[in-house]
Amino acid sequence: MSAHLAFFAVLAALSVLSAVMVVVHRNPVRSALWLVCNLIVLAVLYLTLSAQFVAAVQVIVYAGAIMVLFLFTIMLLNLGAPEALRETGRVQRAVGAALGLSFLTAILGAGAVSVGLGAPAATPESLSTGGTVETIGKLLFDAGQPWLFSFELTSVLLLMGIVGAIVLAKRRI
Amino acid sequence: MESLATHNLVWLITALPLLGFLFHAFVGKRAGRAVVGYIACAVVLASFAMSVIVTVDLMGLPAEGRRAVASLLPGLREPAPWIEIGPLRATFGALIDPLSMLMCLIVTGVGGLIHIYALGYMAGDKDHARFFTYFNLFIFFMLTLVLADNILLMFVGWEGVGLCSYLLIAFWYEDMENSKAGNKAFIVNRVGDVGFALGIMAIFATFGTVAFHDPSGAGFLDMAARGVSAQGALTVGAATLIGLLLFAGACGKSAQFPLYVWLPDAMAGPTPVSALIHAATMVTAGVVMIARVSPVLVHSPVAMTVVAVVGVFTAFYAATIALTQNDIKKVLAYSTVSQLGYMFLGCGVGAFASGMFHVTTHAFFKALLFLGAGSVIHALSGEQDMRRMGGLRDRIPVTHGTMLVGWLAICGMFPLAGFWSKDEIIGYAAGFGVVGPFLAVAAMLTSLLTAFYMSRLMWKTFWSAPRFRETPRVEDGFGGGGAANALNLHEEEEAAHGGQDSGAHGGVHAVHESPPSMTAPLIVLAVLSAVGGLIGTPWANLFERFLEPAVAAYPIHHGLPVVPGLVIGAAIAAAGMGLAWSLYSRRREQGAILSDAQRRRIAPHRAAANLWYVDAAFTKVFVEWGGAVATAVWRRIDSGVIDGLVNGVAVLTDVLSERLRYTQGGVTRIYAVTMLTGIVALVVGVLAWGLGR
Amino acid sequence: MLPVRTEYYLVLSAALFAIGVIGVTVKRNPIVIFMCIELMLNAVNLSFIAFGRHFGHVNGQMTVIFVMAVAAAEVAIGLGIIVAIFRQRESIDLDEVALLRY
């Protein structure tokens, strides 16, 4: 087993573990914290996949901003106490587990019977500089690529988010 | 086929009564009784005149080609098309040949006389206009029946006369019994009509056409005469099927066993109705139809034998019942059934012309007898039970004299009409193969019974001592004479209904003769009954020659030598009449041979008086059991199954929606689970589909 | 040749997604459900990037950027809704907030 593979195995185990912890804990704060852990592990995985920019954005935006928002809301609503909510029923958990497992089986099965990905078309150049800020920046603001339009639209989307969040949070509209 | 010079008058024969019907239907009530009466009689008599003209014209053609087609709609040279669906073609056309013109003359002639009688009879009725509306409509349909150039149009007329029969039997419908009698007539007719309809279909299937004759020889009677059908040769099986089916229809209309049960009940209608429809014309429609399709029938010995046997059986059977009846009209009704049996016997043995001859003579004397009976009933203020009649010979001489002639005719006494026609049939029956002699013997026995029961009727009504209470006539301001009597007539007859033995209430008002409007037709019919048979004597059978082109030829021959046959016939009639004389002349006071107690005790008498329990059997099987089946079907199937299904759908919807409500419960998690389940199913499905290919 | 085969990353992504599914169906606290949804989104992001690397172009990462942007906006709005609901009633038990019904 090569070093890359070993490294990947560790990271994969960590991410699965933290995801399971998110679901298992009854305390939402703990769930949130485990989710943060999961996100950071994923960021490292992105690094191994030559997605340097995305890894950074993941940490800054996802783990840094979105999870903070989650924790703020949990604190605001004072849901820290686990007794606040009733236990989920056994039927529900069985159904959920069954659903998840069947989902996993379906996806893996689909993958197994597919024709496969074929040979990777990665070049050493793409592996090294494929995900850098410069590459992404060039692609994002290139007038010939479709991403520029999506970029502008995203700004509108974020504006909508701001406006919506403020409206929802007001006491009197 | 030739064409007639007077073909453009043919449409008038049927149109005139139709116009009379329309007039009476729309403006009859307002026009007043006199106008309605005159128009009703005038259209029928005018139709008679047209028939005479056309007949004379027809006789101008040579004998073999004595057949023509004319349009029933005015102004057209060729008959107008009516149905044209693929190979099925029918026209509004009239077939002018000796058979149809004979029937036209009888229907309009005798019908006209009966219309005149009805003028007097129905003068006081509150539904005067309605009566003549139906009466004219009946004439129209009967003429359509006999004149039709294709069997479909004949069926239209057939159904139409059935309708008019129902309307007229139930004329005084306020009494439930009359309505029931009308229903019975119509329903039993319908049973026969099923056979007729199937027969028409069989004809179309066999021959490919429903037209009787065609100029190019393509009518089914032409084909049958040549022995061909649409598939090649005409098979005996096909002819038998057609013959039996059509005969079933004839049994319904012409009251043969077992579909005769409606005719005695039909006496609930006014007497002119009984005379016209149930004696002279409608009931003979079956015989006419059989004679018309005789070219097909002669190919099937089985069918002919069936017709003959059923005919003679019915004749004998009805005669036994007539022996025991007390209502004068019922005796005549069963007598009609019996005489119709004779006609079918004649047709069944192949002597179609003889059958039609008996139709003609029967029309004369039976109409005479019925109208005379009406006159008797009128004279006795509505009494119909012969046990309360008697001694009327000198009180109503004209009625007595004419009924005497009718009596002699129906008994078959030389030289009146019934003698010639009846003996001709018996003679030909005797010569019909192996069963002929049996048929002839049965027919002769029936003749004996006929003579006896008709004599019994005459004795009880006229010649025995009076057995009714008479109150002197009160001058009541109506003035004297016939008109006043006529005004009361329908009430009397109405009052006489509700049972065979109800009679005049409160005794009989002074016995009086009928007015001239009623006695004149009686006299005319008496003359016809007397001399009408002379056109068919065995030595110069003008009648048979007249009808020859119209009916099928069949190797008939006299089973008895001619003169001995006639003598035997006269002897039988004399024996019957003599037996009655010997029995009744000794009992002039009672006017009856058996006492009431004896009647109940003697089993055959009791059985015959109860109509051999046939009516009771029909009631039990069809009315009671049929009703039970219908009720069960209604309860179990209609209410249970079908309603259950419909209601069940509603209940099912209710239950399902109760359960399915939870999927829209608003619980978000359930929505999520449902969505995810759907996604899994979708993925698996697409995988499986992809793998399957 | 790639050091780690792309298929491994895809399997990992599927596993994370499945865990997210289980979380969504089992938990009652809407915030935790939200977090599981984020988990699912991240799993998908991972698979996008793995594919991007496999095919040698950057489109996978571009998509992920936009996914993240949308996820941010979505979280903001979603949590705003949850806060608004909590103001109306004391409990945010999702089974009791059965408002989407006939």
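Counting from 1, residues in each chain are numbered in the order their sequence is written. Chains and ligands are labelled sequentially in the order written, the chains with letters from A and the ligands with numbers from 1. Reporting of local features is limited, given that this is a predicted model, to residues whose pLDDT is at least 70; pairs of side-chain atoms are given and counted only at 80 or more, and all residues count toward the totals for whole chains, interfaces and linings. With hydrogens and water set aside, each side-chain value is computed from the structure's full complement of heavy atoms.

### Points about the overall build of chain A
Only DSSP runs of H or I reaching four residues or more are called helices, and only runs of E reaching two or more are called strands; each is numbered from the N terminus. Within chain A, the secondary structure is distributed over seven helices and zero strands. The order of α-helices and β-strands along chain A, N terminus first, is α-α-α-α-α-α-α. Residue burial is assigned from relative accessible area. The probe radius is 1.4 Å, only protein chains are included, and a residue is buried under 20% of its type maximum, exposed over 50%, and partly exposed in between. Taken over 173 residues, chain A has a buried fraction of 32%. Any two residues whose heavy atoms approach within 4.5 Å at even a single point are treated as in contact. Relative to all contacts within chain A whose residues are 6 or more apart in sequence, the contacts with residues 24 or more apart total 53%. To be clear on the numbers: accessible area is Shrake-Rupley with a 1.4 Å probe, and residue cover counts the displayed protein chains and nothing else. As displayed, chain A offers around 9900 Å² of accessible surface, 73% of which is attributable to carbon and sulfur atoms.

### Re the nonpolar core
Ranked by size, the top nonpolar core spans 191 residues in total, and within it I96(B), I151(B) and M356(B) carry the most contacts. By residue number, the principal contributor to this core is helix α15 (residues 352-379) of chain B, which donates 17 residues. Only buried residues count toward a nonpolar core, which is a set of Ala, Val, Leu, Ile, Met, Phe, Trp, Tyr and Cys residues joined through side-chain atoms within 4.5 Å. Grouped together as the second largest cluster of nonpolar side chains are 68 residues, A19(A), L71(A), F103(A) and A71(C) included.

### A closer look at the sheet that holds strand β1 (residues 68-71) of chain B
Residue and element names in this part refer to chain B. Within the open sheet, the three strands sit side by side as β1-β3-β2. Their pairing is antiparallel. In the strand order of this sheet, the two ends are held by β1 and β2 (80-85), each with one partner. The mean inter-strand angle of the sheet, taken between neighbouring strand axes irrespective of direction, is 50°. Strand pairing is assigned whenever DSSP detects at least two bridges linking the two strands. Relative to strand β3 (residues 88-96), β1 runs antiparallel, the two sharing four bridges. The partner of A68 across the bridge, within β3, is I96. On the sheet, helix α5 (residues 151-169) packs against β2 and β3 and is oriented at approximately 70° with respect to β3. Angles here are taken between N-to-C directions and fall from 0 to 180 degrees, while the axes themselves are lines fitted to C-alpha atoms, restricted in helices to the stretch in contact.

### Quick notes on the interface of chain B and chain A
On the chain A side, the residues contacting the 10 residues of chain B number nine residues. Buried surface area refers to the total accessible area, computed with a probe of radius 1.4 Å, that the two partners give up upon joining, counted for both partners together. Buried area between chain B and chain A, both sides added, is near 750 Å², and the carbon and sulfur share of it is 86%. Together, R669(B), V680(B) and L687(B) form the three largest contributors to the area buried by chain B at its contact with chain A, with a combined 50%. By definition here, a salt bridge exists when the distance from a side-chain nitrogen of Lys or Arg to a carboxyl oxygen of Asp or Glu is within 4 Å. Our enumeration of links across chain B and chain A arrives at zero salt bridges.

### Looking at the pairing of β3(B)
The side chains of a regular strand alternate between both faces of the sheet. Residues and elements named next belong to chain B. In the sheet, β2 pairs with β3 via five bridges, with the strands oriented antiparallel. When the sheet's bridge partners are listed, I85 is paired in β3 with L88. Taking the residues that link successive antiparallel strands as the turn, the β2-β3 hairpin has two residues, and the phi of G86 there is positive, at about 60°.

### Re unusual backbone geometry
Where the residue is not glycine, phi is negative for most of them; where a peptide bond is considered, it is trans in most cases. The linkage connecting F257(B) with the following residue, P258(B), adopts the cis geometry, with an omega of -5°. The omega angle of the peptide bond from F414(B) to P415(B) is -10°, so this bond is cis rather than trans. You can see P415(B) is positioned in the loop between α16 (397-411) and α17 (417-430). We note that S50(A) has phi near 60°; this positive angle belongs to a residue other than glycine. Taking the relative accessible area as the measure of exposure, S50(A) reaches 9% and is therefore buried.

### Thoughts on the interface of chain C and chain A
Taken together, the contact between chain C and chain A spans 71 residues of the former and 82 residues of the latter. Interface area, chain C with chain A, both sides summed: about 6600 Å², of which 79% is carbon and sulfur. Three residues, M35(C), F66(C) and M68(C), lead the burial of chain C against chain A; their summed loss comes to 10% of the area buried on that side. Joining chain C to chain A, the criterion identifies zero salt bridges. Any pair of N or O atoms that falls within 3.5 Å is considered a polar contact. Within protein, one atom must be able to donate a hydrogen and the other to accept it, and sequence-neighbouring residues count only if both atoms are side-chain atoms. Across the contact surface, chain C and chain A share eight residue pairs in polar contact (both at pLDDT 80 or more). At the level of secondary structure, the elements contributing two or more residues to the side of chain C that touches chain A comprise α1 (6-26), α2 (30-55) and α3 (59-88) of chain C. The element contributing the most residues to the side of chain C that touches chain A is α3(C), with 24 residues. Gly is placed with the polar residues, together with every amino acid not listed as nonpolar (Ala, Val, Leu, Ile, Met, Phe, Trp, Tyr, Cys and Pro) or charged (Asp, Glu, Lys and Arg). When the residues that make up the side of chain C that touches chain A are grouped by side-chain class, the tally is 51 nonpolar, 12 polar and eight charged.

### Some remarks on the pattern of salt bridges
Residues and elements named next belong to chain B. The tally for this structure, following the rule as stated, stands at 17 salt bridges over all chains. A salt bridge links K180 to E177; the nearest nitrogen and oxygen atoms lie 3.8 Å apart. You can see K180 and its partner E177 sitting in helix α6 (residues 176-207), three residues apart, about one turn around the helix. Salt bridges here are not isolated pairs; linked through shared partners, they connect K126, D127, R130 and E174.

### Brief notes about helix α2 (residues 28-48) of chain A
Residue and element names in this part refer to chain A. In this model α2 runs 30 Å from its N-terminal to its C-terminal C-alpha over 21 residues, within 8% of the 30 Å that 1.5 Å per residue would give. Two or three places before V29, at the opening of α2, N27 has a side-chain oxygen 3.1 Å from that residue's backbone nitrogen. S50 sits one or two positions beyond α2 and adopts a positive phi of about 60°. Expected span, for any helix, means 1.5 Å times one less than how many residues it has.

### A word on the packing of aromatic side chains
All names here are of chain B. Between the rings of Phe, Tyr and Trp (Trp by its six-membered ring), a pair exists once the centres lie within 6.5 Å; its type follows the angle of the planes, with under 30 degrees stacked, over 60 edge-to-face, and the other angles tilted. Scanning the model with the defined rule gives 34 aromatic pairs over all chains in all. An aromatic cluster is present here, built from F131, F132, F135, F171 and W172 joined pairwise through their rings. By the criterion adopted, a ring carries a charge over it if an Arg CZ or a Lys NZ lies within 6 Å of its centre and within 35 degrees of its normal. Taking NZ or CZ as reference, R130 lies 4.4 Å from the ring centre of F171, over its face. R292 extends its terminal NZ or CZ atom over the ring of F212, reaching a point 5.5 Å from the ring centre.

### Comments concerning the side chain of H213(B)
Residue and element names in this part refer to chain B. Here H213 shows up in the loop between α6 and α7 (220-226). Given a relative accessible area of 9%, H213 falls into the buried group. At 3.1 Å, the side chain of H213 and the side chain of R67 are in polar contact. Among the polar contacts made by the side chain of H213, one reaches the side chain of D222 at a distance of 2.7 Å.

### Re the packing of helix α2 (residues 33-59) of chain B against helix α4 (residues 128-147) of chain B
Residues and elements named next belong to chain B. Interhelical geometry of α2 versus α4 gives an angle of 10° and a closest axis separation of 9 Å. On the basis of the axis angle, α2 is roughly parallel to α4. The segment α2 lies against α4, with R33, V36, G37, A40, V43, V44 and S47 engaging H128, A129, F132, N136, I139 and L143. Partitioning the contact of α2 with α4 into residue classes produces eight nonpolar, four polar and one charged. Any angle that falls under 35 degrees is termed roughly parallel, while one over 145 is termed roughly antiparallel, one within 65 to 115 roughly perpendicular, and all others oblique.

### Examining the confidence of the model for chain B
Residues and elements named next belong to chain B. Per-residue pLDDT for chain B averages 84, and the proportion of residues at 70 or more is 94%. This model gives residues 475-492 a pLDDT under 50, and the stretch forms 29 contacts once residues within four places in sequence are excluded. Considering only residues more than four positions removed or in separate chains, one finds that residues 494-506, a stretch of pLDDT under 50, has 35 contacts. Note on the complex model: pTM 0.69, ipTM 0.89. For every residue, the pLDDT score states the predictor's confidence, bounded by 0 at the bottom and 100 at the top.

### Quick notes on the side chain of S47(B)
All names here are of chain B. Tracing the chain through its elements places S47 in helix α2. Among the polar contacts listed, one links the side chain of S47 to the backbone oxygen of I13, at a separation of 2.6 Å. Not counting chain neighbours up to four residues away, the residues in contact with S47 comprise L12, I13, L16, P17, T108 and L143.

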